[in-house]
Amino acid sequence: MRHGITPELWEDYLEGAGACAERSRIDAHLHDCVACRALAAQLTQCAARLRETAGRYDARPVASAKKLDSAWEAMLVRMSLDDTPVQQRLDELEAAMTLLCGSHTAARALQTAAAESPARSLARLTRENWEPFLRSLLAIAQVLCGRTGARLILESGQL
Amino acid sequence: MDEQQAIESFLAQRDEETFCVLFKALYGRVFRYFLARGTDEMTAEELTQNVLLAVYRRAGEFRNQNLFRGWLFAIARNELLQHWRRNRARIRTVELDQLRERPVESNVAAAGMQLRLEFEEWLSALEPAERELAHLRFVEGLSYEELAAVFDAPSGTIKSRLFYLKQKLCRSAGLEAQIK
Amino acid sequence: MTQMKWITPRLVWGLLALNLALNLALFLPVQLGWTPRPAGALAAVGLLGGWCAYGLALLVCLAIVEEYRDAGWFRWAWLGLTANAAILLFRPLAQETLAEAIWPDFHASPWRLLLRHVLIVAANLALGLSLLAMWWGYRRLNLGFHLRRRDYAAMAGLLVLLVALIGVRENLTEAASPFAANRVLQLIGLALLFIIAAAGIVLQRIAAQMNGGRLAVVLRWLTLYVLLRLGLVVLASLLRAAFPDAPWASDVSRFAWQAVAWVFTLTVAYQMRVTLVAAEQLERVRQRRVADKPALIG
């Protein structure tokens, strides 16, 4: 706190917000206090410069129309995964592996299998690249849980 | 349709058509946020997709329309934290010299890079958390309440942080000397 | 594997309790001075208990080896555990006086102790190789299991204990043996036991990092088994040093070893549960898929 004005009150004052009574009090103080007046001017100039710089930064186009269209197409594909069994199968696989090998092992096994498949990550799994992922996971399950565990993973993961 | 209308329209109907409009309105903001936090373009694209998909999936949970952008960037922040945890990545402080040395492919890219340099050069005096706050307040224009939602902190704390942040920027920009 | 499903952890617990109860029923009256020591009966209980424990474990291990037929290093691990069970089936014969029925004057023969130590070293070697294969198998899976500093500290502690035990080896049973082979084999067996205990620490860490699941239960029981084996050797050595003339000391040691045998059986029974649970889940998945299919009209 500086001369009875907290940082929150300063911020409200400089942004033109805050209660009228507090603004009047600060106005009265600034009339008499050279140091606080200088600080207020300093911070006002800083904020103005920030806004000006940020405003020009904001105006710059980050993504072209073509890029936006392409990003939207990719989003449509991902949204469609919500309606297909891919996410459901992932959940089932995770549940099956958690039961047998624990939650950490299950999560790592799924990530490792995805990383070793063309999908590269769980988020990029689709119907098209599901098969290699499942084969990868099957290899892990066979080693950890034996033939029956591997069979469970295989059948749980069928789309 | 402006951004606020796109938000209201999507929250009211929550269908693919309204989401498309919202997606195109918000994509640039979220993408820029991740770039400002030090990710590369490919990662920023992937994380932006994740964030907007989360918005689509979880729109039903959202209650206060006035805090939508706060909610949006809270999701973005969380997504970035999870990305770092998964990849054990750390914030890369992009050296300004490296930025200048990168080849420029188009006028848009050149102009954008210049603007980014100017803004980021000024913010380089701040800690990463302060830079994030400055970006969200001054570039994205989030209100105190929205920022409170993003950082899960009271509005008063956000205001204090902004006050100290500005003081720090003043010192680094030499504004103290100019005033005197 | 399903033929073995009657060998449940509950059954094994029951048999363990029965074995110990029989031992106590024979042992306590002697301590209370009511009856003379029934050496034959105690030996019979020990022999049958050991055969039962390792016999059941052997049957289950063979089924597990078949289950892990395509599992690379884990198959070798279970082969090692099977060998451990098979070798330890014969161990009671080398100790109990009932072996006299097969080999007269066996208890006085120098071959008795040599046979005993050969079996111990062979069993420890099989167990050690098994655990190393298991550890290597987990490492190759690259699932993020890693040791912590406290694990290395525990292993260092084991090494210190081994050195201390060798330092006071005159308390070991073969310290005064006129046969060099017996003395050397006992030391080798002891060293192997410590290596096995260190491998047990690794498996315990893996179990902790799995964060639940049935496999973690198996690894914990396996760790308990290997640590108990080491612990009992140390305990027996201490008892011999502290109570050299007390016959009850060797009886307590014998009962404890019988219990350890059942711990091994429990370990493999829990491993079998992994397969049985997977089979139950598989059945549920199949039934759900059948129920989800649209009904044929016509």
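Conventions adopted
Residues numbered from 1 in each chain as written. Chains lettered and ligands numbered in written order. Predicted model: local features only at pLDDT ≥ 70, side-chain atom pairs only at ≥ 80, totals over all residues. Helix = DSSP H or I, 4+ residues; strand = E, 2+ residues; numbered from the N terminus. Buried ≥ 20, exposed ≤ 12 C-beta atoms within 10 Å, placed from the backbone. Contact = placed C-beta atoms within 7 Å. Expected span 1.5 Å × (residues − 1). Bend = angle between axes of the 7 residues up to and from the residue. Nonpolar A, V, L, I, M, F, W, Y, C, P; charged D, E, K, R; others polar. pLDDT = per-residue confidence, 0-100. Core = buried A, V, L, I, M, F, W, Y, C linked by C-beta atoms within 7 Å. Axes fitted to C-alpha atoms, helices over the stretch in contact; angles between N-to-C directions. Parallel < 35°, antiparallel > 145°, perpendicular 65-115°, else oblique.

**Some details on the overall build of chain A**
- Looking only at helices and strands, one finds 7 helices and 0 strands in chain A.
- Mapped from its N terminus to its C terminus, chain A presents α and β elements in the order α-α-α-α-α-α-α.
- When burial is assessed residue by residue, chain A has 35% of its 159 residues classed as buried.
- Nonlocal contacts in chain A, meaning residues at least 24 apart in sequence, comprise 46% of its contacts between residues at least 6 apart.

**Considering the overall build of chain C**
- A tally of regular secondary structure across chain C gives 8 helices and 0 strands.
- From first element to last, N terminus to C terminus, chain C shows the α and β order α-α-α-α-α-α-α-α.
- Partitioning the contacts of chain C with sequence separation of at least 6, the portion at a separation of at least 24 is 79%.

**A few points about helix H2 (residues 16-36) of chain B**
Residue and element names in this part refer to chain B.
- Here H2 is 21 residues long and its end C-alpha atoms lie 29 Å apart, about the 30 Å a rise of 1.5 Å per residue gives.
- At Leu 26, H2 shows its largest kink, close to 40°.
- Taken together, the buried positions of H2 are Phe 19, Leu 22, Phe 23, Leu 26, Tyr 27, Arg 29, Val 30, Phe 31, Arg 32, Tyr 33, Phe 34 and Ala 36.
- Taken from the residues just after H2, Gly 38 is the one with a positive phi, measuring 100°.

**Here we look at the interface of chain C and chain A**
- Contacts between chain C and chain A engage 29 residues on the former and 25 residues on the latter.
- Secondary-structure elements contributing two or more residues to the side of chain C that touches chain A are helix H4 (110-141), helix H6 (180-210), helix H7 (214-242) and helix H8 (247-292) of chain C.
- Element by element, the count of residues in the side of chain C that touches chain A is highest for H8(C), at 9 residues.
- When grouped by side-chain class, the residues that make up the side of chain C that touches chain A number 14 nonpolar, 10 polar and 5 charged.

**Some words on the confidence of the model for chain A**
- Mean pLDDT for chain A: 86, with 94% of residues reaching 70 or above.
- Considering each helix and strand of chain A separately, the mean pLDDT is smallest for helix H4 (residues 65-83) of chain A, with a value of 81, and largest for helix H7 (residues 130-156) of chain A, with 94.

**Some points on the confidence of the model for chain C**
- In this model, chain C carries a mean pLDDT of 84, and residues with pLDDT of at least 70 account for 87%.
- The ipTM, which scores confidence in the relative placement of chains, is 0.83 for this predicted complex, and the corresponding pTM is 0.60.

**Re the nonpolar core**
- A:Leu137, C:Ala57, C:Val60 and C:Cys61 are the most contacted members of the largest nonpolar core, which totals 107 residues.
- Per-element tally for this core: the top contributor is H6(C), with 16 residues.
- Excluding residues that lie within four positions of it along the chain, C:Val60 makes contacts with C:Met4, C:Ile7, C:Val268, C:Ala269 and C:Met272.
- Core analysis: the second largest hydrophobic core is formed by 54 residues, A:Leu43, B:Phe23, B:Leu26 and B:Val150 among them.

**Concerning the packing of helix H7 (residues 128-139) of chain B against helix H9 (residues 155-173) of chain B**
Residue and element names in this part refer to chain B.
- Contact geometry for H7 and H9: axes closest at 10 Å, N-to-C directions at 100°. Taken together, H7 and H9 sit at an angle that is classed as roughly perpendicular. The residues of H9 that touch H7, namely those facing Glu 130, Leu 133, Ala 134 and Arg 137, are Arg 161, Leu 162 and Leu 165.

**Considerations on the environment of C:Gly213**
- Among the secondary structure elements, C:Gly213 is positioned in the loop between H6 and H7.
- Overall, C:Gly213 belongs to the buried group, with 23 C-beta atoms counted inside 10 Å.
- Among residues more than four places away in sequence, those in contact with C:Gly213 are A:Thr98, A:Leu99, A:Leu100, A:Cys101, A:Gly102 and A:Thr105.

**Here's the deal with H7(B)**
Residues and elements named next belong to chain B.
- In this model H7 runs 15 Å from its N-terminal to its C-terminal C-alpha over 12 residues, within 8% of the 16 Å that 1.5 Å per residue would give.
- Within H7 the residues assigned to the buried category are Arg 131, Glu 132, Leu 133, Ala 134, His 135, Leu 136, Arg 137, Phe 138 and Val 139.
- Backbone geometry just after H7 places Gly 141 at a positive phi near 70°.

**Quick notes on unusual backbone geometry**
All names here are of chain C.
- The phi dihedral of Asn 142 falls on the positive side, at around 60°, and the residue is not glycine.
- Its location among the elements puts Asn 142 in the loop between H4 and helix H5 (149-167).
- The phi torsion at Asn 211 lies on the positive side, around 65°, for a residue other than glycine.
- Mapped onto the secondary structure, Asn 211 falls in the loop between H6 and H7.

**A few points about the packing of helix H1 (residues 9-31) of chain C against helix H2 (residues 39-67) of chain C**
All names here are of chain C.
- At a closest axis distance of 10 Å, the pairing of H1 and H2 adopts a crossing angle of 170°. Considered as vectors, H1 and H2 are oriented roughly antiparallel to each other. Only Ala 41, Leu 42, Val 45, Gly 49 and Cys 52 of H2 make contact with H1, whose side of the interface consists of Leu 15, Asn 19, Leu 22, Asn 23 and Leu 26.
- A breakdown of the residues in the contact of H1 with H2 according to their chemical character gives 7 nonpolar, 3 polar and no charged.

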